[in-house]
4 protein chains.
Amino acid sequence: MPTILGQNQYGKAENRVVKITRDGATHHIKDLNVSVALSGDMEDVHYNGSNANVLPTDTTKNTVFAFAKEHGIESAEQFGVHLARHFVTSQEPIHRARIRIEEYAWERIEAPGEAEHSFVRKGQETRLTQVTYDGESWEVVSGLKDLTVLNSTDSEFWGYVKDRYTTLKETHERILATSVSSRWRFNWTDDAQQMPDWETSYARVKQHMLRAFAETYSLSLQQTLYQMGSRVIEECAEIDEIRFSLPNSHHFLVDLEPFGLKNDNEVYFASDRPYGLIEATVLRDGCEPRIPVDLTNL
Amino acid sequence: MPTILGQNQYGKAENRVVKITRDGATHHIKDLNVSVALSGDMEDVHYNGSNANVLPTDTTKNTVFAFAKEHGIESAEQFGVHLARHFVTSQEPIHRARIRIEEYAWERIEAPGEAEHSFVRKGQETRLTQVTYDGESWEVVSGLKDLTVLNSTDSEFWGYVKDRYTTLKETHERILATSVSSRWRFNWTDDAQQMPDWETSYARVKQHMLRAFAETYSLSLQQTLYQMGSRVIEECAEIDEIRFSLPNSHHFLVDLEPFGLKNDNEVYFASDRPYGLIEATVLRDGCEPRIPVDLTNL
Amino acid sequence: MPTILGQNQYGKAENRVVKITRDGATHHIKDLNVSVALSGDMEDVHYNGSNANVLPTDTTKNTVFAFAKEHGIESAEQFGVHLARHFVTSQEPIHRARIRIEEYAWERIEAPGEAEHSFVRKGQETRLTQVTYDGESWEVVSGLKDLTVLNSTDSEFWGYVKDRYTTLKETHERILATSVSSRWRFNWTDDAQQMPDWETSYARVKQHMLRAFAETYSLSLQQTLYQMGSRVIEECAEIDEIRFSLPNSHHFLVDLEPFGLKNDNEVYFASDRPYGLIEATVLRDGCEPRIPVDLTNL
Amino acid sequence: MPTILGQNQYGKAENRVVKITRDGATHHIKDLNVSVALSGDMEDVHYNGSNANVLPTDTTKNTVFAFAKEHGIESAEQFGVHLARHFVTSQEPIHRARIRIEEYAWERIEAPGEAEHSFVRKGQETRLTQVTYDGESWEVVSGLKDLTVLNSTDSEFWGYVKDRYTTLKETHERILATSVSSRWRFNWTDDAQQMPDWETSYARVKQHMLRAFAETYSLSLQQTLYQMGSRVIEECAEIDEIRFSLPNSHHFLVDLEPFGLKNDNEVYFASDRPYGLIEATVLRDGCEPRIPVDLTNL
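Residues numbered from 1 in each chain as written. Chains lettered and ligands numbered in written order. Predicted model: local features only at pLDDT ≥ 70, side-chain atom pairs only at ≥ 80, totals over all residues. Heavy atoms only, no water.

## Digging into the interface of chain A and chain D
Between chain A and chain D, the residue contacts involve 80 residues of the former and 80 residues of the latter. Carbon and sulfur atoms supply 52% of the area buried between chain A and chain D, which totals about 6,700 Å² over both sides. For the chain A face of the interface with chain D, the top three residues by lost area are A:V161, A:Y165 and A:Y226, together amounting to 10%. At the boundary of chain A with chain D, the tally comes to 8 salt bridges. In this structure, A:D294 and D:R100 form a salt bridge, with 3.1 Å as the shortest nitrogen-oxygen distance. The tally of links between chain A and chain D comes to 48 residue pairs in polar contact (both at pLDDT 80 or more). (Contact = heavy atoms within 4.5 Å. Buried area = accessible area lost by both parts, 1.4 Å probe. Salt bridge = Lys/Arg side-chain N within 4 Å of Asp/Glu carboxyl O. Polar contact = N/O pair within 3.5 Å; in protein donor to acceptor, adjacent residues only side chain to side chain.)

What follows is the structure, encoded as structure tokens:
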């Protein structure tokens, strides 16, 4: 046989589960998009179509919904841990489970006396997590995407390399804007360790990330990225590694001189494409990088 | 000539203008997407390609950016009024201008001492407005889209028509969720009238809309829609008409019985397609409807 | 009551129905996205939540799938006629039905001996239709969207109005590109008339539209639009009116002089936003326009 | 310093370049979306904002457009090779360049005498390539996405594992549909080797992939995937590895019995979410896998 099977995984993607917890008249909501990917002894199904080792993707979907009832959804990370452990420990041929989750935040509608069961989607960033289990150790990588931020000053760009194709003018005053996509890896890997408080951790990471963005006087988006990453590593002992993918969302100062007007850093054209794309990992010193270089959807 | 030209309009769409106002160290931001559509004596350009009456779409783009400097951006509506008036009054062949604007809201990043020029996009609904001027009277239709809301109880659906194709079970307890798309028309039509306070009006409409959604015990999404619309008309004297397009974002209770579990209105599957779609206009009594039946992008 | 109900409609949107017809070993496929909107005596459900006149949207969904079996899917238009007639004639409170359909084209995979049941989605434009029936007369508006076309020469733009905000340079050689969105109205309105051959008509409209685009030496996109529209009206006796929404997909000639290179109309930057937007209706002389000015999703 | 910099890369993403080649009256078009990512001695810019080693992303954009003139665009792969070599060999601090390209196919509009410069976008799959160079060896991974295929018979699914959460019924007749996303790696790594004919190779890969999909009697999507992959490896000597990400685009047979109808494998509901997701690598025996497990955008 001239060809062989390499890495493979399968499962049901994008199970949209909404869990309502009814604490008397006060309700709570968790809104997740859960994707299951399983790996193991799967040669037969690829080589000859035998499904003898295949738990159907439909069953993995059912499990997601059943577990929302059986275990509740304390946090996306905790829910992922329940699911991953289940698939690996209950199915002999399955050696590794990876659960990816998107979470959509809701806030209560402020209405006198009716707020207990009425919600409006917050709509800011999407929260992410990926939980992987191989029967022995855990890897939890959480993150966020589509968190759009902008500094209207305190950003410069100059002193760069110039070659034959360089036409860009140096600037000592520009808008710095980006839509943050980030993933961070927890150093919790073992059931014997105490689990992080996932909800608290997320809130702190987001806060430090935003503050570092706001407080950095920036000479390049790379510098801002590093400040955001190192702030998270320094402030969050539970995290060893963080990666960012930051588009440089260009806001070009519009030339108003042809109209006899002076643009004193007031009017900008927000451009779509092309955009700079700055990507980097920041690590706790001594730790090995494990987050893939190219961030994927979940 | 067996064919003739009917209604036509042209202009530059989706001009992404960002305006920074620098009040000392404290900055303010307005972030708009502006589309211009002009109509008038345009037979020649269609019939034989003569551009003698055509102000280039590129010029309409330049005007948007220049006006952000010359007039500032007090509100999307006020900015639209400046633009529409300019095109109709400065160009003989142009008889009607329609300005559509999307607005993206930003909030300040909470960081000690640095919050004055650092922003994060709010990311909830997109605010909309459409300003039309024909040289004599104004029509201002504002709105919003992608405001996602959910009631986790106080919704029923029963007592409906059953025909040969009906299989739906009646329910006295369901989730009611929708993504609100709405447009409302102001009764300000004349320069002699006092202009509404556009910013205050928007905040009040959104608040009343959310509250009416939260406070309505619903027997159908149509009933909820009407409550939302009539609340806005009753509370906002500046508005005569409002239209909604409300997808019924189905949250199906998952059948957990095959797994020996009872789903006590806790675990739901959030479905994408198909979805119910409920659309209606609510009018101040005595007013003529003018908002088109099918809401378009802006 | 200070507020009243205006125009309203409801139904199930985006029912994705795929019909396989098995002609022995040779299969045929129809792939539709069907949206139902019903209007009639619907005051009660809005004012007080009584569903006594409401056929559930779930039932309208069931009807779509059942009709795919009962009537087959000869064409999107014919399928829409079956559905619209059914809702209006079988339900007393329903006075008007509007069926919107998207159709996705497939072609056979060329494989020796296996092509009879294997398909690849064509992926070019999306075909559209809207069938409306009020119990007496029919209106059928068909169309397409996302048909992207480009002429690499034979396009000029000059001789336009210049005002204070005009900076655009005139050109006698440019790329003309657009993504065609179009709707056309049939003059078939009565069961007593012979129905058009919907499949043949669609193919001819698309062909004439493409050819008129290719053959027009263009002095403005408006001129090209009018040529495309009048060609369809002239060649297709079954159509009385056509409307286009044509973005001017700008391809800017890149300035290569800073690099010591001459750009002899070879290298272009394809821009996303902003874009010119040219919209117009072309009518058979003597006919009334009925297609709405702003084309909506379906 | 408690934190350190890990892998990083930067450049201008999504440069939309269109190249027209004018062969007398007959024109040719290449339509690419090019993203540049550079790595090297970039510690300083991250740690302290010094741009002394940073070639601006704006310059990388300029280079893309200039190279379209200087080298032409013979194929996406060849164009990527030119760009990657340039950045690594001309800039001391840059040690590695990765060029990602999307290509959109066009076909000629069939119009008598005018077809030479008029095009319509084909609109089927998007072609992809990624060229990486470190100054010594090359890695070229090409691919495609959004190629939607469907077999209306010759697909079964049974004999799978059943656990407590399994409710799926076995089937011996179902629709098998997917939207192919695939990447394949060439064994061309050295300038001393003869380069593949990139255009011919792409056409052959696509053809073999489609045929293998059509000709496989499928007991599981995994089996079909493996057949598609091994066919490509067997038929294309220039390729050593191929990976697929195949959503199982469920087409559920609609239950028409409540309406007194029999659904003889005719009427299906095409579902959006959730979907099965089947991913695997197929390798030439003896080769090392190098394509990342999670396929990213380009």
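There is more to say, and it comes next.
## So, the environment of D:R127
Residue and element names in this part refer to chain D. Note on placement: R127 falls in strand β7 (residues 126–133). A relative accessible area of 8% means that R127 is categorised as buried. Counting along the chain gives 119 residues from R127 to N8, while the straight-line C-alpha distance between them is 26 Å. A polar atom in the side chain of R127 sits 3.0 Å from the side chain of E77. (Helix = DSSP H or I, 4+ residues; strand = E, 2+ residues; numbered from the N terminus. Buried < 20%, exposed > 50% of the residue type's maximum accessible area, 1.4 Å probe, protein only.)

## Thoughts on the pairing of strand β6 (residues 118–121) of chain D
As paired strands, strand β8 (residues 138–151) of chain C and β6(D) are joined by 3 bridges and run antiparallel to one another. Paired with C:V149 across the strands is D:V120, a residue of β6(D). Two elements, strand β5 (residues 106–108) of chain D and β6(D), share 3 bridges in a ladder whose sense is antiparallel. The partner of D:E107 across the bridge, within β6(D), is D:V120. (Pairing = 2+ DSSP bridges.)

## Quick word on the relation of the copies chain B and chain D
Expressed as a screw operation, the relation of chain B to chain D combines 0.0 Å of axial shift with a rotation of 180°, fitting to an RMSD of 0.0 Å. Here the copies are linked by what is in effect a two-fold axis. Identified as the residue of chain B closest to the rotation axis by C-alpha distance is B:D272, at 3.6 Å. Both copies present the same face, since 100% of the interface residues in chain B are matched by interface residues at the equivalent positions in chain D. (Least-squares fit on C-alpha atoms with pLDDT ≥ 70 in both.)

## Brief notes about the pairing of strand β13 (residues 275–284) of chain A
Both faces of the sheet carry side chains from a regular strand, because those side chains alternate between them. The element β13(A) is extensively covered by neighbouring structure, given that 8 of its 10 residues are classed as buried. Judged from the 8 bridges that link them, strand β10 (residues 239–248) of chain A and β13(A) form a sheet pairing that is antiparallel. Each residue of the ladder has a partner; that of A:E241, found in β13(A), is A:L283. Inspection of the sheet shows β13(A) paired to strand β1 (residues 3–13) of chain D by 9 bridges, in the antiparallel sense. Looking at the pairing, A:V282 lines up with D:L5 of β1(D).

## Topic: the environment of A:H82
Residue and element names in this part refer to chain A. For H82, the position within the fold is in helix α3 (residues 76–90). Along the backbone, H82 and F67 are 15 residues apart, and their C-alpha atoms lie at a distance of 7.9 Å. Residues contacting H82, with those up to four places away along its chain left out, are F67 and H71. A distance of 3.4 Å separates polar atoms of two side chains, one belonging to H82 and the other to H71.

## Observations regarding the nonpolar core
Among the nonpolar cores identified, the biggest contains 146 residues, and B:F79 and C:F79 are the most heavily contacted of them. Setting aside chain neighbours within four positions, we find C:F79 in contact with C:L32, C:V34, C:V64, C:F67, C:A68, C:G72, C:I73 and C:I101. Grouped together as the second largest cluster of nonpolar side chains are 145 residues, A:Y165, A:L221, C:F259 and D:I73 included. (Core = buried A, V, L, I, M, F, W, Y, C linked by side-chain atoms within 4.5 Å.)

## A short note on the interface of chain B and chain D
Every contact between the two is made by 10 residues of chain B and, on the other side, 10 residues of chain D. Buried surface at the junction of chain B and chain D, summed over both partners, amounts to about 920 Å²; 53% is from carbon and sulfur atoms. In terms of surface lost to chain D, no three residues of chain B exceed B:R164, B:F259 and B:D272, which account for 51% of the buried area on that side. Across the contact surface, chain B and chain D share 2 salt bridges. Between D:D272 and B:R273 there is a salt bridge, with its nearest N and O atoms 2.8 Å apart. When the residues that make up the side of chain B that touches chain D are grouped by side-chain class, the tally is 6 nonpolar, 1 polar and 3 charged. (Nonpolar A, V, L, I, M, F, W, Y, C, P; charged D, E, K, R; others polar.)

## Digging into the side chain of B:T178
Residue and element names in this part refer to chain B. If you trace the backbone, T178 turns up in strand β9 (residues 176–186). The class for T178 is buried, based on a relative accessible area of 1%. A polar atom in the side chain of T178 sits 2.6 Å from the backbone oxygen of P247. Filtering out sequence-adjacent residues up to four positions away, T178 remains in contact with L147, T148, V149, F213, L246, P247 and S249.

Everything listed here is a matter of geometry and, on its own, says nothing about what the molecule does.
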